[in-house]
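Spelled out from the first residue to the last, the chains are:
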Amino acid sequence: QQFYEVNGMSLQFETHIPEDKYMTMRLATASRSGRNTATPGPGDESMEMGGFRPDSQASMSSMTSVGGTKRDMREKFLKYANKVLRFYGQWDDRGSMFGQKLEYVINYFLQDDKVEVLEVKKNNSGRDPFPKLVKKQRIPRSFRGVPSVGSKESDFEDQYINDQDLLVGTTIEVFGRDMYLYDCDEFTRDYYRQQYGIEQSGNLLQADALVEFPSMPLPPYNGFGSEHDSLASYFNLIPKPRRYDAGKQATLDAIIFRWKAKFDMDKMTAPNPDDHKRRFVVSYFMGDGSIS
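Residues numbered from 1 in each chain as written. Predicted model: local features only at pLDDT ≥ 70, side-chain atom pairs only at ≥ 80, totals over all residues. Heavy atoms only, no water.

Engineer: I'd love a proper account of the overall build of the chain, names of residues and values included.
Structural biologist: Looking only at helices and strands, one finds seven helices and 10 strands in the chain. Evaluated residue by residue, the chain yields a buried proportion of 19% over its 292 residues. Counting only contacts in the chain whose residues sit at least 6 apart along the sequence, the fraction spanning at least 24 positions is 44%. Looking at the chain as shown, the accessible area adds up to about 22,400 Å², and 54% of this sits on carbon and sulfur atoms. (Helix = DSSP H or I, 4+ residues; strand = E, 2+ residues; numbered from the N terminus. Buried < 20%, exposed > 50% of the residue type's maximum accessible area, 1.4 Å probe, protein only. Contact = heavy atoms within 4.5 Å. Areas by Shrake-Rupley, 256 points an atom, 1.4 Å probe, with all protein chains shown as cover.)

Engineer: Go over the packing of aromatic side chains with me, naming the residues and quoting the values.
Structural biologist: Evaluated as defined, the whole model comprises 10 aromatic pairs. Between Tyr80 and Tyr191 the ring centres are 6.1 Å apart and the planes differ by 80°, which places this aromatic pair in the edge-to-face class. Of this pair, Tyr80 sits in helix H4 (residues 73-80) while Tyr191 sits in helix H5 (residues 186-195); the two residues are 111 residues apart in sequence, bridging distant segments of the chain. Among the aromatic residues, those joined into a ring-pair cluster are Tyr80, Phe87, Tyr191, Tyr192 and Tyr196. Across from the ring centre of Phe109, 4.2 Å away, lies the NZ or CZ of Lys136, which sits over that ring. Looking at Arg177, its charged tip hangs above the ring of Trp91, at a distance of 5.1 Å from the centre. (Phe/Tyr/Trp six-rings, centres within 6.5 Å; stacked < 30°, edge-to-face > 60°. Lys NZ or Arg CZ within 6 Å of the ring centre and 35° of its normal.)

Engineer: Describe the environment of Gln249, listing the residues and the values that go with them.
Structural biologist: Mapped onto the elements, Gln249 comes out in helix H7 (residues 246-252). Setting aside residues no more than four positions away along its own chain, Gln249 makes contact with Tyr244, Gly287 and Asp288.

Engineer: Please set out the pattern of salt bridges residue by residue, giving values where relevant.
Structural biologist: Applying the stated rule across the entire model yields 12 salt bridges. A salt bridge links Asp183 to Arg189; the nearest nitrogen and oxygen atoms lie 2.6 Å apart. On the accessibility criterion, Arg189 (12% relative accessible area) is buried. Notably, a salt bridge pairs Glu186 with Arg189, separated by 3.9 Å at the nearest N-O pair. Of this pair, Glu186 and Arg189 are both found in helix H5, three residues apart, which corresponds to roughly one turn of the helix. Given a relative accessible area of 54%, Glu186 falls into the exposed group. Beyond isolated ion pairs, a larger network of salt bridges with shared partners links Asp183, Glu186 and Arg189. (Salt bridge = Lys/Arg side-chain N within 4 Å of Asp/Glu carboxyl O.)

Engineer: So what's going on with unusual backbone geometry? Residues and values would help.
Structural biologist: Most peptide bonds take the trans configuration, and most residues that are not glycine carry a negative phi. Located in the positive-phi region is Asn82, a residue other than glycine, with phi close to 60°. On the secondary structure map, Asn82 appears in the loop between H4 and strand E3 (84-92). Since its relative accessible area comes to 73%, Asn82 is described here as exposed. Positioned with a positive phi, Asn124 is a non-glycine residue whose angle comes to about 60°. For Asn124, the position within the fold is in the loop between strand E5 (114-119) and strand E6 (132-137).

Engineer: Quick rundown of the environment of Pro239? Include the residues and the values.
Structural biologist: The topology assignment puts Pro239 in the loop between helix H6 (227-235) and H7. Note on Pro239: relative accessible area 46%, which makes it partly exposed. With 10 residues separating them in the primary sequence, Pro239 and Asp229 have C-alpha atoms 7.6 Å apart. Residue contacts for Pro239: discarding those within four places in its chain leaves Ala232 and Ser233.

Engineer: Tell me about H5, and please be specific about residues and values.
Structural biologist: Taken residue by residue, H5 has Thr188, Arg189, Tyr191 and Tyr192 as its buried positions. Projected down its long axis, H5 shows its buried positions confined to an angular sector of 160°, all on one face. Projecting away from the buried face of H5 at angles above 90 degrees are the exposed residues Glu186 and Gln194. Considering only its buried residues, H5 is in contact with H4, E3 and strand E8 (177-184). Just downstream of H5 lies Gly197, where phi reads positive at about 70°. (Arc of directions from axis to C-beta.)

Engineer: Hey, could you go over the environment of Ile256 for me, with residue numbers and the actual values?
Structural biologist: Relative to the elements of secondary structure, Ile256 occurs in strand E9 (residues 256-261). Placed 33 residues apart in sequence, Ile256 and Gly289 show a C-alpha to C-alpha distance of 9.8 Å. Apart from the residues within four sequence positions on either side, Ile256 is in contact with Ser283, Tyr284 and Phe285.

Engineer: Hey, could you go over the sheet that holds E6 for me, with residue numbers and the actual values?
Structural biologist: One open sheet accounts for six strands, arranged E6-E5-E4-E3-E8-E7; its pairing is antiparallel. Looking at strand neighbours, the two that pair on one side only are E6 and strand E7 (171-174), the edges of this open sheet. Neighbour-to-neighbour, the strand axes of the sheet open up by a mean angle of 35°, direction not taken into account. Here E3 runs beside strand E4 (residues 101-109); their pairing, made up of nine bridges, is antiparallel. Within E4, the residue paired with Gln90 across the bridge is Glu103. Along the sheet, H5 contacts E3 and E8; its crossing angle with E3, the most-contacted strand, is approximately 110°. (Pairing = 2+ DSSP bridges. Axes fitted to C-alpha atoms, helices over the stretch in contact; angles between N-to-C directions.)

What follows is the structure, encoded as structure tokens:
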């Protein structure tokens, strides 16, 4: 002011003070909660922290944001704490190269509308035991890329999956993967029956068609060593010697079963006239299970 007075200039202040949208929002919230709506002045201690006292917990749950009302999570937490809707789904990726049909468990948390997707581990599947496909978070119905910087979850409130989207027999999209829901647990069935009057279907999992893969026939005996030696060269690149049970050999090596045998002339395709005279002795050695 002294600078302007020395230079002979007069100050003219605006008579209209611009609206403070932030204070307007807080005053509107205070009026809905029955608090004092007077504009706080300098040194006015009737309204602390810009119109909210630290002990006003009830007003915090009803705070509004520019563009819409925030989700009241306290009521859902008190009503649905630790309550989870569990669905069982499949992702069939056999249409792509090296794709497989995989099974997952989809957990929907009622207290905060978040979803997690867990992979079902099967023994001898050849896959690493990676437990989570998607960690606990809100999942959009249709994934269109990462949201822009500065965007909020409340800006896409109507685009996230909720409990009404999860029905047995339907397909949901989980970040580009089509999950077919084929079953759910009993708590989930009771929840939909009481909340929406919907009766969830039973297990809709269909067994895969049995595919018989061609098997390689065993090669004929090559004449070197025993027949076991011939098969060992077929099953292994480097043939391994046959394992013998030393205890069995020590106790049963002296036991040999013998049978007399002859050709069945009626079942032979090209019998020799002298074959009916031939006689054989078939011996079974208990020590190693071999036959001669």
